[in-house]
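# Remarks on the overall topology
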Amino acid sequence: MSSLPAADEIDEAKERAHFQAVINAFKYYKLCCLDRIHKSEKIISMLPKTHQHRLDKYGAYLTKFKNCLDVNNNVVHMIIKHVDTMFENVDHSQDGETNGTESFGGNYNNCEISSQKQHKMQHDVEKVQSVIKNIVRDWSSAGAVEREQCYKPILDELEARFPVDTINDRSHIKVLVPGAGLGRLAWEIAARGFTCQGNEFSLFMLFASNFILNKCPEANKHTVYPWLHQYVNHMTSEHQAAAATFPDVPPACHHSHFSIAAGDFLKVYTETDEWDCVATCFFIDCAPNVIEFIERIYAILQPGGIWINLGPLLYHYSDMPNEISIEPPYDILVDIIRDVGFDIVKERTGVKTKYAQNPNSMLQHEYNSVFFVCRKPNL
């Protein structure tokens, strides 16, 4: 009689499958995006000749979009070039088999997508497109305005609470940034002398941050076209083909006391009374149960530690079928924060913030975010 696989073996197999699925999404990026351009070209070819003639200029831009797509695709493939060995003691490469990790075989570059997997692959490729927009938000001069809106209030608060003129060595101050994305906020905190660790769960973000933080020693060496995938609300076709260079600073020149940790926030951070500060930006509404996040932040902070938060309450799991989600409005959330044990020492609402927004789009999304600072009382 054959025995059933152990739970840890099942989890490991799921992790390997997910890892490979994310890599495949990056590999299929060009194919899926090219399909969208071909769709427009096909529709134009079916129009009356007079209409086709009137769209000659737009047709020429569609050809230009293909060239822009090639540039994006080069960056996408650089991002996944070294991901097989990016985690310590784990090797996902085709030849490596470390700690029981199985290898992945096969050439995925030219595979066709089956109809059953089409929808899932398109969804994953949209995440790759989002990564490209986040590169611009975090690591280009074009994202400076958004960083000023979203990161500066947190950085200013850290400067005010741990002033450099009274603290000789900020490296003794430990700051955690959950939901670190591509790592710019955590990097900026470390640049100010703090010991800072970013935490990120998404492999899409982790792959890209690994590339930018470890493989980009020169400023503005790479180019992407972040709005290439947006086909509506443009004033001009040039706006759709607008370029951005990155990184605006050379992040590979690492600050000391800076790191990125991969994994689920609730599973990775279980040590109580460890951190002097937790800084969250567009993060707490990523939880199915926001109370778990609040309780965990409280637990891992040292007595007297502070929690700095900025962001909206989008509640990402709210409309997902088969997912639990609670969505307390801000006034109830404040009551929960106090009930957990925090003292709210600063609070501001209506903070205008954007997230990976195309500045030239006719449609502008803007959040009235909340900014607050909480303190865990001394015991």
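Residues numbered from 1 in each chain as written. Predicted model: local features only at pLDDT ≥ 70, side-chain atom pairs only at ≥ 80, totals over all residues. Heavy atoms only, no water.

### A few points about the packing of helix 6 (residues 152-161) against helix 7 (residues 184-191)
Worth spelling out the cut-off: Fitted lines through C-alpha atoms serve as axes, helices being fitted only where they are in contact, and the angles separating the N-to-C directions of these axes extend from 0 to 180 degrees. By the criteria applied, helices consist of DSSP H or I runs no shorter than four residues and strands consist of E runs no shorter than two, each listed in order from the N terminus. Here the angle decides the label: under 35 degrees means roughly parallel, over 145 means roughly antiparallel, 65 to 115 means roughly perpendicular, and every other value means oblique. Note on convention: the crossing is left-handed when the near helix lies turned anticlockwise from the far helix by less than a right angle, right-handed when the turn is clockwise. Working rule for contacts: check all heavy atoms of both residues, and any pair within 4.5 Å makes them a contact. Put simply, Ala, Val, Leu, Ile, Met, Phe, Trp, Tyr, Cys and Pro go in the nonpolar bin, Asp, Glu, Lys and Arg in the charged bin, and everything else, Gly too, in the polar bin.
Here helix 6 crosses helix 7 at 25°, and the two axes come no closer than 11 Å. For the element pair helix 6 / helix 7, the angle class is roughly parallel. Where helix 6 crosses over helix 7, the two elements pack in a sense that is right-handed. Residues Ile154, Leu155 and Leu158 of helix 6 form the contact with helix 7, whose participating residues are Leu185, Glu188 and Ile189. The residue inventory of the contact of helix 6 with helix 7, partitioned by class, reads 5 nonpolar, no polar and 1 charged.

### Focus: the packing of helix 3 (residues 56-80) against helix 8 (residues 203-215)
Direction vectors running N to C along helix 3 and helix 8 enclose 90°, while the axes themselves pass 8 Å from each other. Of the possible angle classes, the one that applies to helix 3 and helix 8 is roughly perpendicular. In this structure, helix 3 contributes Met78, Ile79 and Ile80 to the contact, and helix 8 contributes Phe207, Ala208 and Phe211. Of the residues contributing to the contact of helix 3 with helix 8, the split by class is 6 nonpolar, no polar and no charged.

### With respect to the confidence of the model for the protein
Inclusion rule: Residue-level confidence of the predictor, termed pLDDT, takes values from 0 up to 100.
On average, residues of the protein score 90 in pLDDT, and 88% of them reach the 70 mark or higher. Across residues 94-113, where pLDDT falls below 50, the model places 41 contacts with residues more than four positions away in sequence or in other chains.

### Focus on the sheet that holds strand 6 (residues 275-281)
Where strands meet in a sheet, backbone hydrogen bonds hold them as pairs that are either parallel or antiparallel. Formally: One bridge is not enough; two strands pair if DSSP finds at least two bridges between them.
The strand order 5-2-1-6-7-9-8 describes an open sheet built from 7 strands, whose pairing is mixed. Strands with a single pairing partner mark the edges of an open sheet, and in this sheet they are strand 5 (258-262) and strand 8 (343-353). In this sheet, adjacent strand axes meet at a mean angle of 15° when their direction is disregarded. Contacting strand 2 (195-200) and strand 5, helix 8 runs over the sheet at an angle of about 155° to strand 5. Packed onto the sheet, helix 11 (residues 290-300) meets strand 1 (174-178), strand 6 and strand 7 (301-311) and runs at close to 140° relative to strand 7.

### What about the pairing of strand 2?
What counts here: Summary of the burial criterion: residues with accessible area below 20% of their type's maximum are buried, those above 50% are exposed, and those between are partly exposed, where the area comes from a 1.4 Å probe applied to protein chains only. We call a crossover right-handed when, viewed with the strands running away from us, the connection from the first strand over the helix to the second turns clockwise.
Extensive coverage of strand 2 is indicated by the burial of 6 of its 6 residues. Burial along strand 2 is two-sided: Thr195, Gln197 and Asn199 and Cys196, Gly198 and Glu200, pointing in opposite directions, are all buried. Of the strand pairs in this sheet, strand 1 and strand 2 are connected by 5 bridges, and their pairing is parallel. Looking at strand 2, one finds that valine 177 is bridged to glycine 198. Between the parallel elements strand 1 and strand 2, the chain passes through helix 7 in a crossover that is right-handed. Relative to strand 5, strand 2 runs parallel, the two sharing 5 bridges. Paired with glutamate 200 across the two strands is alanine 262, which belongs to strand 5.

### Some points on unusual backbone geometry
With an omega of -10°, the peptide bond running from phenylalanine 246 to proline 247 counts as cis. The residue proline 247 is located in the loop between strand 4 (244-246) and strand 5 in this model. Backbone geometry at asparagine 220 places phi at a positive 55°, although glycine is not the residue there. Within the element layout of this structure, asparagine 220 appears in the loop between helix 8 and strand 3 (222-224). Positive phi is not limited to glycine here, since phenylalanine 282 has a value of about 55°. Within the secondary structure layout, phenylalanine 282 lies in the loop between strand 6 and helix 11.

### A closer look at the packing of aromatic side chains
As a reminder, the rule being used: Ring pairs shown here join Phe, Tyr and Trp side chains whose ring centres sit within 6.5 Å, with only the six-membered ring taken for Trp; geometry is labelled stacked below 30 degrees between planes, edge-to-face above 60, and tilted in between. Any Lys NZ or Arg CZ found within 6 Å of a ring centre and within 35 degrees of that ring's normal is scored as a charge over the ring.
One pass over the structure, following the stated rule, counts 17 aromatic pairs. Considering the side-chain rings of tyrosine 269 and tryptophan 275, the 6.1 Å spacing of their centres and the 70° angle between planes classify their relative orientation as edge-to-face. The pair tyrosine 269 / tryptophan 275 is uniform in exposure class, with both members buried. Relative to tyrosine 367, the ring of phenylalanine 282 lies with its centre 5.7 Å away and its plane at 75°, an arrangement referred to as edge-to-face. Placement of the pair is phenylalanine 282 in the loop between strand 6 and helix 11 and tyrosine 367 in strand 9 (residues 367-375), with a sequence separation of 85 residues. Looking at tyrosine 367, the relative accessible area reads 27%, which means it is partly exposed. Clustering of aromatic rings is evident, with ring pairs tying together Phe265, Tyr269, Trp275, Phe283 and Phe293. The aromatic ring of tryptophan 275 is capped on one face by lysine 174, whose charged end is 4.7 Å from the ring centroid. Between lysine 376 and the ring centre of tyrosine 298, over which it is positioned, the NZ or CZ distance is 4.9 Å.

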